[in-house]
Amino acid sequence: MKLTLVRGDITEQAVDAVVNAANSSLLGGGGVDGAIHRRGGPEILAECRKLRASRYGRGLPTGQAVATTAGRLPARWVIHTVGPVHSASEDRSELLASCYRESLRVAGTLEAASVAFPAISTGIFGWPMDDAARIAVETVRGSETSVEEVRFVLFDEAAYAAFGARL
Ligand code: AR6
């Protein structure tokens, strides 16, 4: 598998699947989630609502992932995953690792060859960037997957440097 690093906006990535740093409601939010729904259009939210009504009445659990259309984004699918809120008193690393693993598993079922990830949990959910980068890179490297390219898309220079140091 090829691991690549891009500094930019995840909504502009022409890949098979872009991963959304969502929340359990699947009904949108700020950060990456807001940008994906804004740029992707209402089709994504419509599918999310259907998922809430069918499989995820109580919301998508932290660490899991589910796919929808990508609407107007230059991708085929959005894979929504729910990162853990960072905690100083409890080690939630396994849940963050699970987001990467489960997103790749879902990508595999879609036969997606290329997947773009944001730095899950490092914005509103407060995860320190260096630690999040370590977990992201280690987990993706350690995953058995049919995905051929994993692209980490980092919004700012600090995030780009943190991921670059782990590659
Ligand atoms: N492209 C790439 N990276 C981005 C973009 C973008 N367009 N926008 C922000 N980032 P966050 P979280 C970076 O807050 O911490 C939402 O309300 C950002 O700088 O999007 O997992 C959801 O609904 C940061 O490094 O996700 C949830 O409630 C990283 O993406 C909650 O936020 C992740 O920041 C999820 O919080």
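Residues numbered from 1 in each chain as written. Predicted model: local features only at pLDDT ≥ 70, side-chain atom pairs only at ≥ 80, totals over all residues. Heavy atoms only, no water.

### What to know about the overall build of the chain
At step 1: The secondary structure content of the chain amounts to five helices and six strands.
At step 2: Counting helices and strands in the order they occur from the N terminus, the chain gives β-β-α-α-β-β-α-β-α-β-α.
At step 3: Scaling as 2.2 N^0.38, a compact globule of 167 residues should have a C-alpha radius of gyration of about 15 Å, and the chain matches this with 14 Å.
At step 4: Structurally, the chain occupies a C-alpha span of about 40 × 35 × 30 Å along its principal axes.
At step 5: Burial status across the chain gives 48% buried among its 167 residues.
At step 6: When contacts within the chain are restricted to residue pairs at least 6 apart in sequence, those whose partners lie at least 24 apart make up 70%.
At step 7: Accessible area of the chain: about 7,800 Å², with a carbon and sulfur share of 48%. (Helix = DSSP H or I, 4+ residues; strand = E, 2+ residues; numbered from the N terminus. Rg over C-alpha atoms; globule rule 2.2 N^0.38 Å. Buried < 20%, exposed > 50% of the residue type's maximum accessible area, 1.4 Å probe, protein only. Contact = heavy atoms within 4.5 Å. Areas by Shrake-Rupley, 256 points an atom, 1.4 Å probe, with all protein chains shown as cover.)

### Describing the UniProt feature "domain: Macro" (unreviewed entry) in the chain
At step 1: Here the UniProt feature "domain: Macro" (unreviewed entry) sits at residues 1-167.
At step 2: Here residues 1-167 runs as 37% helix and 20% strand, with 13 Å between its end C-alpha atoms. (UniProt positions renumbered as here; feature names shortened; annotations may be inferred.)

### Observations concerning the site of the ligand
At step 1: Residues in contact with the ligand amount to 23 residues; listed here are only the nearest, Asn23, Gly30, Val32, Asp33 and Thr122.
At step 2: When isolated, the ligand has an accessible area of 710 Å², and the protein chains bury 90% of it.
At step 3: Mapped onto the shell around the ligand, the elements with two or more residues apiece are strand E2 (17-22) and helix H1 (31-40).
At step 4: Here the shell around the ligand is composed, by residue class, of twelve nonpolar, nine polar and two charged. (Near = heavy atom within 4 Å. Nonpolar A, V, L, I, M, F, W, Y, C, P; charged D, E, K, R; others polar.)

### Regarding the packing of helix H3 (residues 93-109) against helix H4 (residues 129-141)
At step 1: Viewed as axis vectors pointing N to C, H3 and H4 meet at an angle of 40 degrees, and their least axial separation amounts to 9 Å. The angle between the axes of H3 and H4 places the two elements in the oblique class. The two elements H3 and H4 cross, and the hand of that crossing is right-handed. Residues Ser93, Leu96, Ala97, Tyr100, Arg101 and Leu104 of H3 pack against Ala132, Ile135, Ala136, Thr139 and Val140 of H4.
At step 2: A breakdown of the residues in the contact of H3 with H4 according to their chemical character gives eight nonpolar, two polar and one charged. (Axes fitted to C-alpha atoms, helices over the stretch in contact; angles between N-to-C directions. Parallel < 35°, antiparallel > 145°, perpendicular 65-115°, else oblique. Left-handed = near helix turned anticlockwise from the far one by under 90°.)

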